[in-house]
Amino acid sequence: MYRTDYQFEWYYRTTNVRVCIFQLIKLFIIALPIVGCKVNTIENTAILNVNIVDVVDGSILPSDAVLIQDGIIIKIDESERIRETAASSKSYQVIDGDGGYLIPGLFDLHIHNRGATDQVLQVYLLNGITTVRNMNGSDGGKDHISIGKQIASGARSGPRYYSSTPFVTGSFRESDVEDFIKESKETGYHGLKIHDNIPVDTYNKIIEYSNSVGLPVYGHAQRDKDLAQSLRMLEIVHIEEFVYLIEQSERTSDYLNQVIADVKQSGVWICPTLMIYACHIDYYKKTFFDSLSSIPFIEFVDNQQYELYTSERNPYRQNLRRQALYDYARTNYGVELESEDQAVDFVVSETSKNLEFMKELLLQMIQEDIPLITGSDSFGLLPHGFGLHLELELWQNAGVHPSLILKSATYNSANYMKLDNGEISVGKMADLVLLKENPLDDIKATQSISGIYFKGQFYDSTYIESKLQTLKFRTLD
Ligand SMILES: [Zn+2]
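Residues numbered from 1 in each chain as written. Predicted model: local features only at pLDDT ≥ 70, side-chain atom pairs only at ≥ 80, totals over all residues. Heavy atoms only, no water.

1. Topic: the pattern of salt bridges
Next up, step 1: As enumerated under the stated definition, the model contains 20 salt bridges in all.
Next up, step 2: For Asp-341, the salt bridge is made with Lys-286, and the minimal N-O distance between the two is 3.4 Å. Placement of Asp-341 in helix H14 (residues 340-367) and of Lys-286 in the loop between helix H10 (274-284) and helix H11 (303-310) is noted, with a sequence separation of 55 residues between them.
Next up, step 3: Judged by its relative accessible area of 46%, Asp-341 falls in the partly exposed class.
Next up, step 4: Lys-286 sits in the partly exposed class, given a relative accessible area of 42%.
Next up, step 5: When the shortest N-O distance is used, the salt bridge between Glu-350 and Lys-353 registers 2.9 Å. Of this pair, Glu-350 and Lys-353 are both found in helix H14, 3 residues apart, which corresponds to roughly one turn of the helix.
Next up, step 6: Exposure remark for Lys-353: the relative accessible area of 44% places this residue in the partly exposed category.
Next up, step 7: Connected via shared salt-bridge partners are Asp-196, Arg-223 and Glu-241. (Salt bridge = Lys/Arg side-chain N within 4 Å of Asp/Glu carboxyl O. Helix = DSSP H or I, 4+ residues; strand = E, 2+ residues; numbered from the N terminus. Buried < 20%, exposed > 50% of the residue type's maximum accessible area, 1.4 Å probe, protein only.)

2. Observations concerning the packing of helix H15 (residues 386-397) against helix H16 (residues 402-417)
Next up, step 1: Where H15 meets H16, the closest approach of the two axes is 9 Å, and the angle between their N-to-C directions is 145°. Considering the relative orientation of H15 and H16, their crossing is right-handed. In this structure, H15 uses Leu-392, Trp-395 and Gln-396 to contact H16, whose residues at the interface are Pro-402, Ile-405, Ser-408 and Ala-409.
Next up, step 2: Of the residues that constitute the contact of H15 with H16, the class distribution is 5 nonpolar, 2 polar and no charged. (Axes fitted to C-alpha atoms, helices over the stretch in contact; angles between N-to-C directions. Left-handed = near helix turned anticlockwise from the far one by under 90°. Contact = heavy atoms within 4.5 Å. Nonpolar A, V, L, I, M, F, W, Y, C, P; charged D, E, K, R; others polar.)

3. Some thoughts on the domain arrangement of the protein chain
Next up, step 1: Taken domain by domain, the protein chain holds domain 1 (41-104 + 425-477) and domain 2 (106-166 + 237-420).
Next up, step 2: Each of domain 1 and domain 2 has a C-alpha centre, and these two points are 28 Å apart.
Next up, step 3: Listed as interface residues are 33 residues of domain 1 and, on the opposing side, 39 residues of domain 2.
Next up, step 4: Here domain 1 packs against domain 2, burying approximately 3,400 Å² in sum over the two surfaces, 66% of which is carbon and sulfur. (Domains from an automatic or database assignment. Buried area = accessible area lost by both parts, 1.4 Å probe.)

4. Topic: the packing of helix H9 (residues 253-266) against H14
Two numbers describe a pair of packed helices, the interaxial angle and the distance between the axes.
Next up, step 1: The geometry of H9 relative to H14 is characterised by a closest axis approach of 11 Å and an angle of 55° between their N-to-C directions. The angle between the axes of H9 and H14 places the two elements in the oblique class. For the element pair H9 and H14, the recorded crossing hand is right-handed. For the pair formed by H9 and H14, the contact residues are Leu-256, Asn-257 and Ile-260 on the first element and Phe-357, Leu-361, Gln-364 and Met-365 on the second.
Next up, step 2: A breakdown of the residues in the contact of H9 with H14 according to their chemical character gives 5 nonpolar, 2 polar and no charged. (Parallel < 35°, antiparallel > 145°, perpendicular 65-115°, else oblique.)

Structure representation (structure tokens):
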């Protein structure tokens, strides 16, 4: 008898608890669409009333809504029908896109996470960048593979995160190649990052052995070798490399056409990273460091880089002080200069010409359908996250049509990474960014973010703006 009572009481209590939990869940679900909560228990998410950008052919889809389940786009249709389908599920949230433009999450495939990891990762994500690749496996002495795994498992918040190996430089021994590549592959590095001018035997072995185990090789061009050698890599990580491969006197249209044809035929991918080169031209200018507050988004430059680049230890400031620019001009251009001012003017003018050359090449490459991906190479005073938008703007400034910039920053980059999040179509991962303006008209629209949908969570503009305030590394005077 006692036993039965006990059992009854146990049943009664647990039933009450169950009822109570059920009520709480119900309340929670009802509250979800109201607060736009960031919880993964929602079965379906409907994003209504949007211009869905087809990044593959640069157009707007006829339908104006998407339905997402478990992070995958399961339906694209008219808003009313999507709303009805969503409502048939147990739990759902509805997001009104308010006539904005929906694009896939952006890719920054050349980052350097050397400082405050979590702060930096959030800045990327809230800039609509949902996939990043760190481009030196030893950056900041961090374990970049673990960072990627923590994000993938949900233990850490941030964009999808990949990393190259530590930089393989000229001192790397040929006898170490096989072990290094095997180990890198096992560790989970995305690819092997290589410096310029690797001794030819070591280089050959790296390319051949990496190909045999399926580890991509990418990096700087082999500036001391024929172009054909560099084109054996999967990717050249700066368009700047062509400045070193092609001397100014060789930059005739016939020669360049041949270069473009060779690049195209090789299938090599190019990640231009124009902006970082443009930044460095600024660093040469003598007054540049006098007005730091005018540098775009300087509040978001990681402390570690900010301190290095604004201090007297900054290699560029040191170079100027030591008048190394004289040597630079003499060695690279055979020019003897008489004063420090003259040296600065000369170097700024020559590097600016190089930037123009890089822009022309970029335009020609995109016209020839050479596969381009996007990366900012953010370090120094180029901020994380925001730096990618500045890079995209510079492409537009070079004459590239915004639709092709967007395609490179999403579809091409996703294909390159073998990921399924580079376009808005059924079956693709729902890494989505909502913009106020049309990015097909002007790529600066990628800076008009009004919402981000990522891994089941929707971040609205209020959240993004207030969160970004907390992620600043410093305030300006
Ligand atoms: Zn880099």
